[in-house]
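Below are the chains, spelled out letter by letter.
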Amino acid sequence: MSVRSDARPSGRGSDLLRDDLAHHSASTWDPTRHGAHERAVPPELVPPPRTVGLVRRLRALRTRHLLRRRRAEHFVAGAMSPDRGLPIATARQVVTFLGELLGRRRGLLVAVLLLNAGAALASLFVPRLLGDLVDRTASLLALGRGSEAGDTATRAALVVLAVVALQAALTFGAKLASAVLGQGVLAEARESVVRAILRLPLSRVEQAASGDLVTRVTRDAGTMSDGVRWALPEAIIASVMVLLTVVAMVLNSPLLALPTLVLMGAATLQVLRYLRRAPAAYLLEGDTYSRINTSLTETVEGARTVEALRLGQRRRDAGRRDIAVSGQAERYGMTLRNLLFIVMDLAFSLPRVLTLALGAIGYERGWVGLGQITAAMLYIEAVWGPFDMLVHTIDRLQVALASTTRLLGVAIVPADREVGSDRPADPAIAGRDLRFAYRAEHDVLHGVSLDLTPGERLAVVGPSGSGKSTLGRLLAGINGPRTGSVTVGGVEITTLPLDVLRTEVSLVTQEHHVFVGSVRDNVGLARDGSTDAEVEQALRSVDAWSWVESLPAGLDTTLGAGHQSVSPGRAQQIALARLVLADPHTLVLDEATSLIDPRTAQHLEGSMNALLTGRTVVAIAHRLHTAHDADRIAVVIDGRVAELGSHDELVALDGEYARLWEAWTS
Amino acid sequence: MKDFPQTVDAYADPAAPHPDTRSPAAYLWWLVRDQGVLFLAALLVAIVWMIPQALAPWMLGRAIDQAIVPHDNAALVRWLALFALVTVVGASSGFVYHTLAVRQWLVALYGTTQLVTNKAVRLGHVLTRRAPSGEVLSVASSDSNEFGGFMEITVRAASQAVAYVIVAVLVLVTSPRLGVLVLLAAPAVVVLALPLLRPLGARQALERSRTSTLTSMATDIVAGLRILRGVGGEERFADNYARASQSARDAGISAGRWQAAVDGVGVLLSGLLLTGLLWAGVREVGAGRLTVGEFVSFLGYGLFMTQPLRSFFELVQKGTRALVSAHRTVALLDQPVPWSDDPTEVALPAAATAELTDLATGFTARPGRLTMVVCADPERTAALADRLGRYLPTEESAQVQLAPDAELKGRAARTERRRQRERRATLAAQERALTSTSWGVTLGGVDLGEVPLDAVRERVLVCDTGPTVFAGTLQDALDPHRRLSLAEAEEALVAASAEDVLDALPEGWQGQVEERGRGLSGGQRQRLTLARALALDPDVLVLVEPTSAVDAHTEARIAARLGGFRAGRTTVVMTASPLLLHHADEVTLLAPEPSPHPGTDATVYRVVATGTHRDLWSHHLDYRSVVSRTEEVQR
């Protein structure tokens, strides 16, 4: 599409904005972005060409690695800072929490440890038996009694067979017990997190951004799940194995165990360095993948917009940028692991050579036998697998720990109200001298007072940002005012328990979420213990019962994404039916016309009427006809009630409302 | 050699080669070929890395026989030196192998993600008609990872197969009898354990599917949290979640039981192999056919052989999962575009003089004018807007899943997969039928179906009711093509009365808009997308209910500014709001007409009246009732 022909030099404004906004606009507009392509990663992270010398390339790699480390640590510091969104639990709280979960399963935990120790012991027995066998065979040969080897072989085979069978049985038991333990802990942990989410304070829930919470229940829960299901049991197994193998090695021959012990000790230093760095790398990687996912979700769900605005190339570039950023995170993790592997691989394989050398010297001097050498070599092969596993499970556990601190953070959000014992005497709601600020020092309401007459219909009109939605939230008891009070029947509204508050007043927003679940659950959630007859009655009153009857399983039909699809109009009817069932005497309708999608408006007239009849209604109105039909109209401008009265009174007043009405009807 | 992140142009650049989507196996094979030299290099290094491990038992045996037992120090030094050399070479190749394996994994993963992005962009609005977006996304987020894992295990298993052959040669040369035992027993052990893998795989799939159900439940709870905390139902949903959580736990334990069985049987079978070896080995030593050192080597091999076996198990498991993933991927990538993109001779005439006409309804938008369309059924005006922009009708019911439900197994899954394939084919055929003949909307006499789609998109912009706001700076949200001057941007912003969005962000134009405009109110989102459409300044702009979420004050302002901003360009607005209608150059009323073909029950909507809002309001009763009805919604 062509750029407008009367284009002015960019950088100069349009003279259309009021002064302060024009300044804000001109000072933040970036004219240099014309046709520019964003760089996904800074130039310092691009490796030098292969033509430069190896030393310089290695030095450049080190520089990049350090820069990537700073980026990863910066990210973690941001993700773990409690001043952003929901709080984050401390590691101590997580350990306490896990301790409680495991404490409730003490018997199982002991079984897991014992079975694993048993399996490890059995497996460690085999190299010793084989070593003995080699010794015995060698001495038989030396004595020239090779023909007796057959009997020795049969006896040894039977013993090994028995040990192996025992090891197999113990392995089965150990793995099974670990799975039962891990799954049990995981299930209880995630259930308690979801219950914590469902206890979040009202005012917290109503704050717009739910992205943080979504990330916590998806990615963090996934990481925790991997940690508990896989890493925790494997870490237990691996640490038991490492510990017992080392003991077995020393028992076999302290001399031959020496190379392994020394090199393992040396490698441990590097392992500890790695473990200190690795969680940041994994957390950053995880975050870059969810970024890739988020922006691809936009591309896929907004495929029509992408096509209409011809943004295909832009979206592909955006995807490629996300991948480039993710690639940098992966490279950091890869280099960290490479630094670990260089050390671990050497520490893993050199003991073979050194032990053989020591063994040869020891054999020469008569300190060790062939059997001991054989067993030592077999132990070397046996110890590094679990050691490697231990390193990897510990880094996963660290990541899981970080995620769990975020998950448990949901549980430590302080309550936003104290429940009192007074109950309302009558359904009259009154607001006195209400002031409220989302940011300190920035009041959006400046001393509003408003009495609702039971049964009346009050329309609140006013320009965007005038504070009318905030007024609605205070009247509905979602937030408490900074100063002043909202009372229902003489009782401070924020001291009512939630289940009482819900029968007094409900805030109805433009949201009409349909849960994945049965029709019964979707409607019946509004009142605990509601019967099918009550749910049916609620659905009837909003004209949705015939639709429910036509569904394959009636009230039991599963609605929502991936199941029975629900049109926006039906979704709105469900939202209305919930309110009918909840039956509050006062409704605050915020952006209620958005609730009534214009595409479905005509079907919903009756449903809406059924809900509103006989209730006090505060309608924060977008459409003037709503105001026209109301008993009283409050015009809110800049946080104050500028005009209050009936339609005719306000038209006669010839103020803001009268001017608007004229525009509407002329 | 390929390295990540590579650039994938398939489906974006017609000249770029497409992946092979003839079958899932073909796609996996294409992924391997696509890696090219990288795959071979990784394989080579993996073999170098494996060889010391394969040679270690042999060298140990030789050293015992030739150096330790005969106390030959010179031979000892020789063997130790060789052993050290091989070991160090192997160990230092470890990190190279790791680097290449990561590359392989990520080339496959990022590549598939880009293929999905390109395909989604290529299909555009057709994609949402055809497949649920959740499934499309899971191809990019989880299937792509399976492919990465598949690449890694393929190379690892192949290198271990090579190690297996080396060991085979060594043992056959040393002792043909024992050699045959090792070589036959090892594969036999695998074959014996194979039957366990299938139930294990099925239970793991069930656990994954239940876990993902849990994740969606939690996401669902968070998405509807306002309702649950506002209206109630916390207990009910917590209990539902707990039930699903317990059933995922049961599936997990069941998978864990089979995993424990597989591991236990693995221990048992490799133990049997070892026992057989030592039994036969000792007898051979006794009979003088084998030295002690050779016997020690055999014991080492008995232990070593379990490693290729385990990799082979892993290959089978991951291969099966990769095939399942490839099924879904192919089902997505194989989708055809319903129209040809061959350049045609026909071009659209200059819009300043061209009328836009819909033959089905008889609707005409005169060039350079602001036309508004009113209809009692808003679905009809939305459908008209789609036709004017050459969009296929939105039918979510037409969507076909990309893969059968995870709980379906065996034959049922295959049947379902075939059914889905057939439905996809039918759908594609229907779409082709819709687009092969003339489209039925003309711009200056040229049918929109005769010109390339991109030419239509360039000239005609249709904004439906739910346009997406993309994450990024406000400047990019308003000016995604980065072509506007500040003045132009401000003009569009003011015309859509969206200054408050700029005002609310402390960083102004550089402030971040969250994905899908989360954090903006419904009204702000709507006005921002209106500003974005206005700023693009298309020749023909079609807006569907552009102010449905906007308050009356603001709507009045937008209505007053819209005509001036679009002066001289063709604009069509679908609305029934008097505030807007008041400012139209011309208003058109759509209403049902008796079907011209008796017997067909589809009601045909046609233009029944045209004029100014004032004319129609005073003289046309139907018009008056449609417009005033929207006024009475909440009475």
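Residues numbered from 1 in each chain as written. Chains lettered and ligands numbered in written order. Predicted model: local features only at pLDDT ≥ 70, side-chain atom pairs only at ≥ 80, totals over all residues. Heavy atoms only, no water.

## A closer look at the domain arrangement of chain B
Assigned domains of chain B: these are domain 1 (24-333), domain 2 (352-390 + 439-634) and domain 3 (408-438). Between the C-alpha centres of domain 1 of chain B and domain 2 of chain B there is a distance of 56 Å. (Domains from an automatic or database assignment.)

## Points about the pattern of salt bridges
Enumeration according to the criterion identifies 61 salt bridges over all chains in this entry. Across the salt bridge formed by lysine 175 of chain A and glutamate 234 of chain A, the nearest N and O atoms sit 3.4 Å from each other. In this pair, lysine 175 of chain A sits in helix H5 (residues 149-197) while glutamate 234 of chain A sits in helix H7 (residues 211-252), placing the two residues 59 residues apart along the sequence. Taking relative accessible area as the criterion, lysine 175 of chain A reaches 22% and is therefore assigned partly exposed. Across the pair aspartate 263 of chain B and lysine 175 of chain A runs a salt bridge whose closest N-O atoms are separated by 3.1 Å. (Salt bridge = Lys/Arg side-chain N within 4 Å of Asp/Glu carboxyl O. Helix = DSSP H or I, 4+ residues; strand = E, 2+ residues; numbered from the N terminus. Buried < 20%, exposed > 50% of the residue type's maximum accessible area, 1.4 Å probe, protein only.)

## Comments concerning the packing of aromatic side chains
Per the counting criterion, the structure on display carries 10 aromatic pairs over all chains. Seen from their ring centres, tyrosine 27 of chain B and tryptophan 30 of chain B are 5.9 Å apart, and the 25° between their planes marks the pair as stacked. With tyrosine 27 of chain B and tryptophan 30 of chain B both in helix H1 (residues 24-35), this residue pair falls 3 residues apart, about one helical turn. Judged by its relative accessible area of 0%, tyrosine 27 of chain B is buried. Put simply, the rings of Tyr289 of chain A together with Phe4 and Tyr110 of chain B pair up and form one aromatic cluster. Sitting over the face of the ring of phenylalanine 348 of chain A, arginine 352 of chain A holds its NZ or CZ atom 5.4 Å from the ring centroid. Positioned over the ring face of tyrosine 391 of chain B is arginine 457 of chain B, at 4.0 Å from the centre of the ring. (Phe/Tyr/Trp six-rings, centres within 6.5 Å; stacked < 30°, edge-to-face > 60°. Lys NZ or Arg CZ within 6 Å of the ring centre and 35° of its normal.)

## Quick notes on the interface of chain A and chain B
The interface is formed by 179 residues belonging to chain A together with 194 residues belonging to chain B. Where chain A abuts chain B, roughly 17,000 Å² becomes buried across the two surfaces, and 63% of that area is made up of carbon and sulfur atoms. Scanning the region where chain A abuts chain B turns up 11 salt bridges. When the shortest N-O distance is used, the salt bridge between aspartate 239 of chain B and arginine 195 of chain A registers 3.3 Å. Our count for the chain A to chain B interface comes out at 45 residue pairs in polar contact (both at pLDDT 80 or more). With 27 residues, the top contributor of residues to the side of chain A that touches chain B is helix H10 (residues 312-365) of chain A. Of the residues belonging to the side of chain A that touches chain B, the class tally is 84 nonpolar, 50 polar and 45 charged. (Contact = heavy atoms within 4.5 Å. Buried area = accessible area lost by both parts, 1.4 Å probe. Polar contact = N/O pair within 3.5 Å; in protein donor to acceptor, adjacent residues only side chain to side chain. Nonpolar A, V, L, I, M, F, W, Y, C, P; charged D, E, K, R; others polar.)

## Regarding the nonpolar core
Core analysis: the biggest nonpolar cluster contains 114 residues, and Tyr274, Leu356, Leu370 and Phe387 of chain A together with Leu278 and Phe295 of chain B have the highest contact counts within it. When sequence neighbours within four positions are dropped, the list of residues in contact with leucine 278 of chain B reads Leu130, Leu133, Ala153, Ala156, Ala157 and Val160 of chain A together with Phe295 and Leu299 of chain B. Counting 90 residues, the second largest nonpolar core, distinct from the first, contains Leu356, Ala559, Met574 and Val626 of chain B. (Core = buried A, V, L, I, M, F, W, Y, C linked by side-chain atoms within 4.5 Å.)

## A look at the pairing of strand E11 (residues 632-637) of chain A
Residue and element names in this part refer to chain A. Of the pairings in the sheet, the one linking strand E3 (residues 457-461) to E11 comprises 4 bridges and is parallel in character. Of the residues in E11, the one forming a bridge with valine 461 is valine 635. Inspection of the sheet shows E11 paired to strand E12 (residues 640-645) by 5 bridges, in the antiparallel sense. Residue isoleucine 637 lies in a different strand from E12, and its bridge partner there is arginine 640. The antiparallel hairpin formed by E11 and E12 contains 2 residues in its connecting segment, where aspartate 638 sits at a positive phi of about 50°. (Pairing = 2+ DSSP bridges.)

## Regarding the packing of helix H2 (residues 37-68) of chain B against helix H5 (residues 133-174) of chain B
Residues and elements named next belong to chain B. The N-to-C vectors of H2 and H5 enclose an angle of 40°; their axes lie 8 Å apart at closest approach. Viewed along their axes, H2 and H5 adopt a mutual orientation that is oblique. For the pair H2 and H5, the sense of crossing is right-handed. Along the contact surface, H2 presents Phe39, Ala42, Leu43, Ala46, Ile47, Met50, Ile51, Ala54, Leu55 and Trp58, while H5 presents Met151, Thr154, Val155, Ala158, Ser159, Gln160, Val162, Ala163, Ile166, Val167 and Leu170. Along the lines of polarity and charge, the residues of the contact of H2 with H5 split into 18 nonpolar, 3 polar and no charged. (Axes fitted to C-alpha atoms, helices over the stretch in contact; angles between N-to-C directions. Parallel < 35°, antiparallel > 145°, perpendicular 65-115°, else oblique. Left-handed = near helix turned anticlockwise from the far one by under 90°.)

## Some thoughts on the environment of valine 325 of chain A
All names here are of chain A. As for its position among the elements, valine 325 is in helix H10. When the C-alpha atoms of valine 325 and threonine 288 are compared, they prove to be 6.9 Å apart, with 37 residues separating the residues in sequence. Not counting chain neighbours up to four residues away, the residues in contact with valine 325 comprise Ala40, Val41 and Thr288.

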